[in-house]
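For reference, the chains in residue letters:
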Amino acid sequence: MKADPSAQLRLLDLQAADTELAQLLHRRRHLPELAAIAASDEQTALLRGEALELQTQLDDIADDQRRFEREIDTVQTRAKRDDQRLTSGGLPSKELEGLQHEIATLARRQSTLEDDLLDVMQRRENLDAELATIVQKQESFATDRTELDATRDGHFAEIDANTTRRAAERAEIAGDVPADLLALYDKIRAASGGVGAAALRHRRCEGCHLELAGSELNSVRVAAPDAVVRCENCRRILVRTAESGL
Ligand SMILES: [Zn+2]
């Protein structure tokens, strides 16, 4: 392939633009905020699960509480009725004995139910406190997340502006490179880690950093200025400059 030496030199500008565009893309994909946001999302999901679990327990406990309250109510109503029968008097002694026994049983039952109710209320209080702690953590994560989003968006805006500017410059530079040379450069760049053209500086290929010697150096020396030369080692386009040391 042949190309005007000035077009070959332009490949180095093109490469600089492509390298910077690749760096911008890499930076955009690997912002520390993105990892922090992913970690925050993970924690938030865990907290959501914990909150849901606690809420389920609290719902069950509320059911228990209502059940105990109803039972206490029933026991109290019955004890009250028994009391009235007792105080109204005139009961045969056997019935009186049975009534007194029932009143004592109801009192014990009420006492047990009230203990159970207190127990349930205590558990509810503990769970409420746990839930409040989780809600607090959730709010703190939400605040951090808002800040992370804002920082990420700031970086995105800066990176995107640079990318737009550099891409426009890249397009302009590419306009100075003949189509066949550009196609070769793009093909090599895609296959060689993003570097399609490298300067030959002090006899060294700046693509693979190997020094040219012997017959390879000789063939580059004698090559016509418009010949497109490639590194024998990395196959990248070697651009000769005033500093090539030939
Ligand atoms: Zn090379």
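Shown above is the structure to which this text applies.
The structure contained in this document is the topic of the report that follows. (Residues numbered from 1 in each chain as written. Predicted model: local features only at pLDDT ≥ 70, side-chain atom pairs only at ≥ 80, totals over all residues. Heavy atoms only, no water.)

**Notes on the overall build of the protein**
Put simply, the rule is: We count a stretch as a helix when DSSP gives it H or I for four or more residues in a row; a strand needs E for two or more, and each element gets its number in order from the N terminus. The globule rule used for comparison is 2.2 Å times the number of residues to the exponent 0.38, while the radius of gyration itself is calculated over C-alpha atoms. Accessibility here uses a 1.4 Å probe with only protein chains present; expressed as a share of the type maximum, an area under 20% marks a residue as buried, one over 50% as exposed, and anything in between as partly exposed. Residues are treated as being in contact if the distance between any of their heavy atoms lies within 4.5 Å. The accessible surface values rely on the Shrake-Rupley method and a 1.4 Å probe; as for residues, cover is taken only from the protein chains in view. Charge counting follows a simple rule: Lys and Arg are positive, Asp and Glu are negative, and His as well as the terminal groups are ignored. Think of each charge as sitting on NZ of Lys, CZ of Arg, CG of Asp or CD of Glu.
Secondary structure summary: the protein contains five helices and four strands in total. A compact globule built from 246 residues would reach a C-alpha radius of gyration of about 18 Å, whereas the protein, at 42 Å, exceeds it by more than 25%. By its C-alpha atoms, the protein is 135 × 35 × 25 Å across when sized along the principal axes. Here the protein holds 246 residues, and the buried ones make up 30% of them. Within the protein, contacts between residues at least 6 apart in sequence are counted, and of these 75% link residues at least 24 apart. On the protein, roughly 15000 Å² of surface is accessible, and the fraction owed to carbon and sulfur atoms is 53%. Distance between charge centres in the protein, computed from 34 positive and 46 negative side chains, equals 7 Å.

**Section: the coordination of the zinc ion**
In plain terms, the rule: Only N, O and S atoms count as donors, using a 2.8 Å cut-off from the metal and 3.2 Å for Na, K and Ca, and because water is excluded some sites may appear unfinished. Working rule for geometry: tetrahedral if four donors all subtend angles between 85 and 135 degrees; square planar for four, octahedral for six, if opposite donors exceed 155 degrees and the others stay between 65 and 115; irregular in every other situation.
Only C205 (SG), C208 (SG), C231 (SG) and C234 (SG) from the protein coordinate the zinc ion, and they sit 2.2 to 2.3 Å from it. For the zinc ion, the four donor atoms in the first shell make angles of 106 to 116° at the metal, a pattern classed as tetrahedral. Within one chain, the residues serving as donors to the zinc ion are arranged as C-x2-C-x22-C-x2-C. When its relative accessible area of 0% is taken as the criterion, C205 is described as buried. Residue classification places C208 among the partly exposed residues on the basis of a relative accessible area of 22%.

**What about the sheet that holds strand 2 (residues 204–205)?**
Defined as follows: A pair of strands is treated as paired once DSSP finds two or more bridges between them. To obtain an axis, a line is fitted to C-alpha atoms, over the contacting stretch when the element is a helix, and the angle between two such axes runs from 0 to 180 degrees between their N-to-C directions.
As summarised here, the arrangement of the four strands in space is 2-1-4-3, forming an open sheet in which the pairing is mixed. Either end of the sheet is taken by a strand with one partner, and the two such strands are strand 2 and strand 3 (229–230). Taken together, the two bridges between strand 3 and strand 4 (residues 237–240) define a ladder with antiparallel strand orientation. Within strand 4, the residue paired with V229 across the bridge is L238. Docked against the sheet, helix 4 (residues 179–191) engages strand 1 (197–201), strand 3 and strand 4, running at close to 120° with respect to strand 4.

**Some words on the packing of aromatic side chains**
The condition that has to hold: Working definition: rings of Phe, Tyr and Trp (its six-membered ring) pair if their centres are within 6.5 Å, and the pair is stacked with planes under 30 degrees apart, edge-to-face with planes over 60 apart, and tilted otherwise. Sitting over a ring, as applied to charges here, requires NZ of Lys or CZ of Arg to be within 6 Å of the ring centre and within 35 degrees of the ring normal.
Going through the model one piece at a time under the given rule, you end up with zero aromatic pairs. Looking at R28, its charged tip hangs above the ring of F156, at a distance of 3.8 Å from the centre. Geometry around F68 places R67 over its ring, the cationic atom sitting 4.9 Å from the centre.

**A short note on the pairing of strand 4**
Here strand 4 shows a buried face lined by I237 and V239 and a second buried face lined by L238 and R240. Relative to strand 4, strand 1 is paired through four bridges, and the arrangement is parallel. Among the inter-strand pairings, L200 is bridged to a residue of strand 4, identified as R240.

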